[in-house]
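# Breakdown of the fold
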Amino acid sequence: MKGIPMQTGVLRVLRATAASWWRHRELRRTGEKDLARQLERTAVLRDLGYLKQAASLPNAHVICGDGGTFLHLGWTTVSTLAPIERFPLAVLAVARGTPLIDIRPITDVFAFANLPQVRRDGSVNPEHSGVGRSVTLSTYIDMVEELGASITNDPRPCRST
């Protein structure tokens, strides 16, 4: 993950999150501790993979809005209906440098809904209009920032004013 060794704190958060899932708690309660441990290990490894993708994909980003939080990883999206504060995987990704686009301050939902999507694979496509239109993450951030979104870990190069 960008040359940074995996921190013990990251593993602790992922393990605690997996252990807190209702299904895993129920398995422990009914005596199926081995199955619970196996499922938790699988969840932690899956989430570590998501964190590695978030660190390596050029258009990976987190979007947080009133409808939930979304971790966009190219062709994969991990989401929850909860705010980012209750989505540990997204919090970890942002803490490790993944851009966060907080759209909660946006009031013009129609303008936001009409924005193009971020390119999933980082490819360059000059077509910016029509069905399925897509733009680079930097262009998308320019657009949502104009609507009032706040940006953390801005990947755009610094611009002189």
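Residues numbered from 1 in each chain as written. Predicted model: local features only at pLDDT ≥ 70, side-chain atom pairs only at ≥ 80, totals over all residues. Heavy atoms only, no water.

### Things to note about the layout of surface pockets
Taken as a whole, the largest pocket encloses approximately 430 Å³ of empty space. As for the largest pocket, its lining consists of 23 residues, of which I63, H72, I103, F112 and Y140 are closest to the centre. Breaking the lining of the largest pocket down by element, the ones donating at least two residues are β1 (61–65), β2 (68–73), α5 (109–113) and β5 (117–118). No other element matches β2, which puts 4 residues into the lining of the largest pocket. A volume near 250 Å³ is recorded for the second largest pocket. Contributing to the lining of the second largest pocket are 13 residues, with T17, W21, R46, D47 and F87 lying nearest its centre. Mapped onto the lining of the second largest pocket, the elements with two or more residues apiece are α1 (8–20), α3 (33–56), β3 (76–80) and α4 (88–95). (1 Å grid on protein atoms, 1.4 Å probe; cavity = no way out; pocket = protein on both sides within 12 Å on 5 of 7 lines; lining within 4 Å. Points joined across faces, edges and corners; volume = space filled by probe spheres on them. Helix = DSSP H or I, 4+ residues; strand = E, 2+ residues; numbered from the N terminus.)

### Overview of the pattern of salt bridges
For the structure on display, the rule yields 9 salt bridges. Between R104 and D102 there is a salt bridge, and its shortest N-O distance comes to 2.9 Å. Taking the relative accessible area as the measure of exposure, R104 reaches 30% and is therefore partly exposed. Here D142 makes a salt bridge to R156, at a shortest N to O gap of 2.5 Å. Taken together, the positions of D142 in helix α6 (residues 137–146) and R156 in the segment after β7 (150–152) put the pair 14 residues apart, joining distant regions of the chain. Residue D142 is classed as partly exposed on the basis of its relative accessible area of 28%. (Salt bridge = Lys/Arg side-chain N within 4 Å of Asp/Glu carboxyl O. Buried < 20%, exposed > 50% of the residue type's maximum accessible area, 1.4 Å probe, protein only.)

### Side note on the sheet that holds strand β4 (residues 100–102)
Backbone hydrogen bonds are what pair the strands of a sheet, in a parallel or an antiparallel way. If you trace the 5 strands from one edge of the open sheet to the other, you get β3-β2-β1-β4-β7, paired in mixed fashion. The open sheet has two edge strands, β3 and β7, and neither has a second partner. For this sheet the average axis-to-axis angle between neighbouring strands, irrespective of direction, equals 15 degrees. Two elements, β2 and β3, share 5 bridges in a ladder whose sense is antiparallel. (Pairing = 2+ DSSP bridges. Axes fitted to C-alpha atoms, helices over the stretch in contact; angles between N-to-C directions.)

### A closer look at the packing of α1 against α4
Look at α1 against α4: their axes get within 10 Å of each other, and the N-to-C directions meet at 165 degrees. On the basis of the axis angle, α1 is roughly antiparallel to α4. As for the relative orientation of α1 and α4, their crossing is left-handed in sense. For the pair α1 and α4, the contacting residues are V10, V13, L14 and T17 in the first and P88, L89 and L92 in the second. (Parallel < 35°, antiparallel > 145°, perpendicular 65-115°, else oblique. Left-handed = near helix turned anticlockwise from the far one by under 90°. Contact = heavy atoms within 4.5 Å.)

### Section: the nonpolar core
Within the largest apolar cluster, 23 residues are counted, with the highest numbers of intra-cluster contacts made by L14, L71 and L89. Contributions of two or more residues to this core are made by α1, α3, β1, β2 and α4. In terms of residue count, the dominant contributor to this core is α3 (6 residues). Apart from residues no more than four positions distant in its own chain, L89 is found in contact with L14, D47, Y50, L51, L71 and V78. Of all hydrophobic cores here, the second largest spans 13 residues; its members include I101, V118, L137 and I151. (Core = buried A, V, L, I, M, F, W, Y, C linked by side-chain atoms within 4.5 Å.)

### Re α4
Along α4, the residues classified as buried are L89, A90, L92, A93 and V94. Backbone geometry just downstream of α4 places G97 in the positive-phi region, at approximately 110 degrees.

### Notes on the confidence of the model for the protein
A residue-level look at the protein finds 87% of positions with pLDDT of 70 or above and a mean pLDDT of 88. Mean pLDDT in the protein bottoms out at strand β6 (residues 134–135), which sits at 89, and peaks at β4, which reaches 97. (pLDDT = per-residue confidence, 0-100.)

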